[in-house]
Every structure is written in structure tokens, then in C-alpha cells.
Amino acid sequence: TDATFIQDLRKRTSETSEYQSEREYYPSLWLNQGKPESPFANKAARQAVLSCLNREGFNSARLKGEGDVATSIVGENNVMYTTSDFSSYDPERARLYVDQYKKETKKNSLSFIFPVDTSLASQANARYFKAMWDKCNITARYTVEQTPIILSKIFNPNPDISKGQYYNSYDAVFLTLFEGNDAAFNVPFVLSNAYPADSVNPVKPLFANSLGKVLG
């Protein structure tokens with residue numbers, strides 16, 4: 001969201017030079033299925049939010065066309081890249097998913113909370129997404145906190161469940177991942193029961209316990 005600043009610098013050809021590397025940082029949206037009372041334990045809720053995600057509009061309005069519109073859950077250079085079953089922007093379908101969610105859960109509405117840091121650009125992004133989801137009868141609320149606090153609540157290996165804490169305290173989070181072209185970062189998020197009970201792999205305790213629960 002520094003597109004305006006970048007575009008201004010680009011015009012100053014006598015003062016600056018621009019270098020562009022391959023895309024390795026990939027923005028993503030994570031829907032928390034494990035948190036108690038999170039609406040995203042319900043599949044229709046996840047489908048509703050993703051069907052109302054206007055990536056093209058965000059790229060135009062907030063990134064001034066400087067970004068790439070996602071076509072997969074990972075970037076094109078990643079070994080996991082596939083466009084199969086990737087959600088597209090469809091507000092009408094999203095509203096049908098909202099109705100399905102309310103019918104299945106007996107809830108009056110689909111609402112969730114996501115965090116945003118204190119920068120003005122991030123808060124402008126949050127307002128854009130909130131207004132976008134409003135059009136699909138989805139109530140998105142955001143809480144403004146400093147980045148270290150947000151990260152400590154997203155990746156909390158020792159939550160006090162009795163006090164309402166959880167490994168990830170938010171219903172949904174936006175993360176910009178350093179991805180590269182392999183799956184080393186992504187696999188721990190999507191694997192479950194990766195190691196059998198009798199496995200002696202030294203990585204198992206890390207993934208299955210502290211790190212695994214947080215990422216899951």
C-alpha cells in the first residue's frame with residue numbers, strides 16, 4: 001500500500017533507480033477454524049468470506065495496480081501452486097453462503113474480528129475490506145493494535161484457555177508470508193497427523209505440540 005510513494009519515486013529517473021526482484025512475499029488471509037466460537041469452524045462461513053474477497057478491487061483501489069491478483073493460495077513460483085478450486089469474487093454466491101451459515105448454526109448473522117496494526121495505510125486497508133464484506137451481509141470488525149501485540153496473539157504457544165485465550169486469538173488474520181519457491185513454510189499450516197504415533201522424527205514434537213497447535 002505504498003504504491004503512491006513508489007509511483008512518485010519512479011518518476012524521478014534522474015535521482016532514483018528501480019530494481020525488481022521475483023515475488024517472494026505473498027499476502028494471504030487465514031481463517032481460524034480451531035478457535036472456540038469462531039464462525040470459521042463452519043465451511044459455509046469460510047466460503048462466504050472468500051467469495052466476497054474482491055482481490056481485483058483491492059489491487060486497483062489500494063495498490064494502484066502495483067500488486068498481483070492472487071490465482072492460488074500460494075504464489076506462481078511455489079511448488080504448491082494450483083488454480084484448481086480457487087475462490088473467485090462472487091457477492092451473490094457469498095450471500096447464499098451467509099444464508100446457509102445462518103441456517104446451519106442458527107446464528108442471526110455472520111460476523112468476525114480481525115486485527116490491524118497502527119499504520120494509517122493498514123487501517124485504510126481494513127476499512128476497504130470491512131466495506132467490501134458489508135456488501136455481502138458479512139459483518140467484519142477490526143481491532144487496532146501494535147504489531148508485536150498482534151503477533152503475540154496470533155502465535156501464542158501457551159494460552160490460558162480459562163481466561164479466553166487461544167493459540168490464535170483472532171477469527172481471521174492477514175499475513176504477508178516469505179514464501180520462496182518451496183513448501184517449507186506452508187506445509188506446517190496445512191498438514192495434520194503428519195507423523196505416526198511411533199515416529200521418532202525429532203521434528204515431530206515441535207510440529208505436533210507447540211508449533212503445530214499454533215499454526216493449526
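Residues numbered from 1 in each chain as written. Predicted model: local features only at pLDDT ≥ 70, side-chain atom pairs only at ≥ 80, totals over all residues. Heavy atoms only, no water.

Engineer: Please set out the overall build of the protein chain residue by residue, giving values where relevant.
Structural biologist: Helices and strands together make up the secondary structure of the protein chain, namely nine helices and four strands. Ordered by position from the N terminus, the helices and strands of the protein chain form the series α-β-α-α-α-β-α-β-α-β-α-α-α. The principal-axis extents of the C-alpha atoms in the protein chain amount to approximately 60 × 45 × 35 Å. Taking as baseline every contact in the protein chain between residues at least 6 positions apart, the subset at least 24 positions apart corresponds to 68%. Just so you have it, the protein chain exposes about 13500 Å², and 51% of that area is on carbon and sulfur atoms. Positive and negative charge centroids in the protein chain, built from 24 and 24 side chains respectively, lie 9 Å apart. (Helix = DSSP H or I, 4+ residues; strand = E, 2+ residues; numbered from the N terminus. Contact = heavy atoms within 4.5 Å. Areas by Shrake-Rupley, 256 points an atom, 1.4 Å probe, with all protein chains shown as cover. Lys, Arg positive; Asp, Glu negative; His and termini not counted. Charge placed at Lys NZ, Arg CZ, Asp CG, Glu CD.)

Engineer: Kindly report on the nonpolar core, identifying the contributing residues and their values.
Structural biologist: Counting 27 residues, the largest nonpolar core has Val49, Leu110, Phe112, Trp133 and Ile138 as the members making the most contacts within it. Among the elements of the structure, strand S1 (25–31), helix H2 (43–51), helix H4 (91–105), strand S2 (110–116), helix H5 (120–134) and strand S3 (138–144) are those that each provide at least two residues to this core. In this structure, Ile150, Ile154, Val173 and Leu175 belong to the second largest nonpolar core, which totals six residues. (Core = buried A, V, L, I, M, F, W, Y, C linked by side-chain atoms within 4.5 Å. Buried < 20%, exposed > 50% of the residue type's maximum accessible area, 1.4 Å probe, protein only.)

Engineer: Describe the state of the cysteines, and please don't skip the residues or the numbers.
Structural biologist: If you walk through the whole model with that rule in mind, you get one disulfide. Cys52 shares a disulfide with Cys136; S-S distance 2.0 Å. An S-S torsion of about 85° defines the bridge between Cys52 and Cys136 as right-handed. One end of the pair, Cys52, is in the loop between H2 and helix H3 (55–61); the other, Cys136, is in the loop between H5 and S3, with 84 residues separating them in the sequence. (Disulfide = S-S within 2.5 Å.)

Engineer: Quick one: what's the story with the pattern of salt bridges, residue by residue and with numbers?
Structural biologist: Counted by the stated rule, this structure contains six salt bridges. Arg10 serves as the salt-bridge partner of Glu18, at 2.9 Å between the closest nitrogen and oxygen. For the salt bridge of Lys35 with Asp171, the shortest nitrogen-to-oxygen distance reads 3.1 Å. Linking Lys35 in the loop between S1 and H2 with Asp171 in the loop between helix H6 (147–154) and strand S4 (172–178), this pair joins segments that are 136 residues apart in sequence. (Salt bridge = Lys/Arg side-chain N within 4 Å of Asp/Glu carboxyl O.)

Engineer: Describe the packing of aromatic side chains, and please don't skip the residues or the numbers.
Structural biologist: Taken as a whole, this structure holds 13 aromatic pairs when the rule is applied. Measuring from ring centre to ring centre gives 6.3 Å for Phe112 and Phe114, while their planes differ by 40°; the resulting arrangement is tilted. Among the residues examined, Phe112 registers a relative accessible area of 2% and is labelled buried. Pairwise contacts between aromatic rings join Phe40, Phe58, Phe112, Phe114, Tyr128, Phe129, Trp133, Tyr142 and Phe174 into one cluster. (Phe/Tyr/Trp six-rings, centres within 6.5 Å; stacked < 30°, edge-to-face > 60°.)

Engineer: Please give an account of unusual backbone geometry that cites residues and values.
Structural biologist: Leaving glycine aside, a negative phi is the common case for residues, and trans is the common case for peptide bonds. Despite not being glycine, Lys64 shows a phi value in the positive range, around 55°. By the secondary structure assignment, Lys64 is in the loop between H3 and H4. The backbone of Lys106 shows a phi angle near 65°, a positive value even though the residue is not glycine. Examined against the element boundaries, Lys106 turns out to sit in the loop between H4 and S2. On the basis of relative accessibility, which here comes to 70%, the residue Lys106 falls in the exposed class.

From the geometry alone we can't say anything about function, so treat these as descriptive.
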